[in-house]
Amino acid sequence: MFRIGDFSKLSRISIRMLRHYNELGLLVPEYVDEMTGYRYYKPGQLSLANRIHSLKDMGFSLTLIGQILKEYGDEESLRKHLMIQHAQMKEQEQLLQNKLSLLQTTIQQLGKDCLPMKYNVTLKEISSRYVASLRQIIPSYNQEGLLWNQLMEETSAQKLQFSEPYMSLAVFHDEGYKEADVDVEIQISVTGKYQDTEHVRFKHVPQLLVTSTIIEGNYDQLGAANEEIAAWISGNQYEMNGPMSTIYHVGPGTEANPDLWVTEICYPVRKQ
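In this text, all values refer to a predicted model and were calculated from it rather than measured experimentally.

### Examining the packing of aromatic side chains
(1) Moving on: Taken as a whole and judged by the stated rule, the model has 10 aromatic pairs.
(2) Moving on: Ring centres 5.2 Å apart and planes at 75 degrees place the aromatic pair phenylalanine 162 and tyrosine 166 in the edge-to-face group.
(3) Moving on: For phenylalanine 162, a relative accessible area of 36% puts it in the partly exposed group.
(4) Moving on: On the accessibility criterion, tyrosine 166 (42% relative accessible area) is partly exposed.

### As for the sheet that holds strand E2 (residues 31-32)
By way of backbone hydrogen bonds, the strands of a sheet pair with one another, either parallel or antiparallel.
(1) Moving on: Spatially, the 3 strands line up as an open sheet ordered E1-E3-E2, and their pairing is antiparallel. One side of each edge strand has no neighbouring strand; the edge strands of this open sheet are strand E1 (2-3) and E2.
(2) Moving on: With 2 bridges joining them, E1 and strand E3 (residues 39-41) adopt antiparallel strand pairing. Each residue of the ladder has a partner; that of phenylalanine 2, found in E3, is tyrosine 41.

### Some points on the pairing of strand E8 (residues 182-191)
(1) Moving on: Burial analysis of E8 places 9 of its 10 residues in the buried class, which makes it a mostly covered element.
(2) Moving on: Across 8 bridges, the pairing between strand E5 (residues 129-138) and E8 is antiparallel. Residue pairing for E8: serine 133 is matched across the bridge by glutamine 187.
(3) Moving on: Relative to E8, strand E6 (residues 161-162) is paired through 2 bridges, and the arrangement is antiparallel. Each residue of the ladder has a partner; that of glutamine 161, found in E8, is threonine 191.

### Here we look at the pairing of E5
Note on strand geometry: in a regular strand, side chains alternate between the two faces of the sheet.
(1) Moving on: Burial of E5 is extensive: 7 of the 10 residues sit out of reach of the surface.
(2) Moving on: As paired elements, E5 and strand E9 (residues 201-205) share 5 bridges and run antiparallel to each other. Pairing of serine 133 across the sheet is with arginine 201, part of E9.

### Structural notes on the nonpolar core
As a rule of thumb, nonpolar side chains are buried together in soluble globular proteins.
(1) Moving on: Of all hydrophobic cores here, the largest spans 31 residues; its most connected members are Leu151, Val184, Ile186, Val190 and Phe202.
(2) Moving on: Counting only elements with at least two residues in this core, the list comes to E5, helix H6 (145-155), strand E7 (168-172), E8, helix H7 (222-235) and strand E13 (262-271).
(3) Moving on: Top contributing element to this core by residue count: E8, with 5 residues.
(4) Moving on: Among the nonpolar cores identified, the runner-up in size contains 17 residues, and Phe7, Leu18, Ala49 and Leu69 belong to it.

### Quick word on unusual backbone geometry
(1) Moving on: Glutamate 164 connects to proline 165 through a cis peptide bond whose omega is 0 degrees.
(2) Moving on: If you trace the backbone, proline 165 turns up in the loop between E6 and E7.
(3) Moving on: Positioned with a positive phi, aspartate 181 is a non-glycine residue whose angle comes to about 55 degrees.
(4) Moving on: By the secondary structure assignment, aspartate 181 is in the loop between E7 and E8.
(5) Moving on: Aspartate 181 gets classed as partly exposed once you look at its relative accessible area, which sits at 45%.

What counts and how
Note that residues are indexed from 1 along each chain, following the sequence as it is written. Given that this is a predicted model, residues contribute local features only at a pLDDT of at least 70 and side-chain atom pairs are listed and counted only at 80 or more, while totals for whole chains, interfaces and linings are drawn from all residues. As a rule here, side-chain values cover all heavy atoms of the structure and leave hydrogens and water aside. Whether two aromatic rings pair depends on their centres lying within 6.5 Å, for rings of Phe, Tyr and Trp, where Trp uses its six-membered ring; planes under 30 degrees apart make the pair stacked, over 60 edge-to-face, and the rest tilted. Under the scheme applied here, a residue whose accessible area is under 20% of the maximum for its type counts as buried, over 50% as exposed, and between as partly exposed, the area being computed with a 1.4 Å probe on protein chains only. The criterion for strand pairing is that DSSP finds at least two bridges linking the strands in question. The numbering of helices and of strands both runs from the N terminus, where a helix is a DSSP run of H or I of at least 4 residues and a strand a run of E of at least 2. Think of a nonpolar core as a cluster: buried Ala, Val, Leu, Ile, Met, Phe, Trp, Tyr and Cys residues, connected wherever their side-chain atoms sit within 4.5 Å.

All we've got here are geometric facts, nothing functional implied.
Below is the structure:
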């Protein structure tokens, strides 16, 4: 057997961490001398140390590593843990990419704050429409695609005929901005008559007065666009009158390149 210092060198785990792993029950010495308190490890425990190394490198917490080690011989259980961790890290990767994109955009805009307004804010009426509508609570705003896929799947047998001009939009029904569990309704304008499905409803939407502006490119610009919409509403003695919506003139469903997206941001308003 190896004393703790030697095992530390072989396992590439510091003595301090070996003691911590012992306290957590992750990697317990094979033998502890009652007289000296020296800890001893057997060579076979190096494989356990390497498993802990690997799981830490994958981003698992020590608490979760302890649970995984208990189930390590169960391939399906291990697969489940790995797939959940993979999905969570992909989400973190996307969040990091968004932050990097925002940093890059901000760097590029340094010194350009005095440029003329980029967004043309207008007052317009959206005509009454007959739409296929699907409204649900989804985990976050960027998972709106779940609704579009569901709407298309549930209505595929009815072979929807889209109206001209074609209009697809999303309505955000929550009273304020939410970090998670958001109430979103998607709509596609259609012609003809159709049967409601389990989740899709066909309905008439009344005419709506909105103030709107166009964003060309990805949604990082939403904050700046909202600033100008807010200034227009306040400066023209209007007030907000309902949930915000986005009209997708060119969106993720038809164009993979975010630089080519064209989105109209709409806020229902009324005169004060």
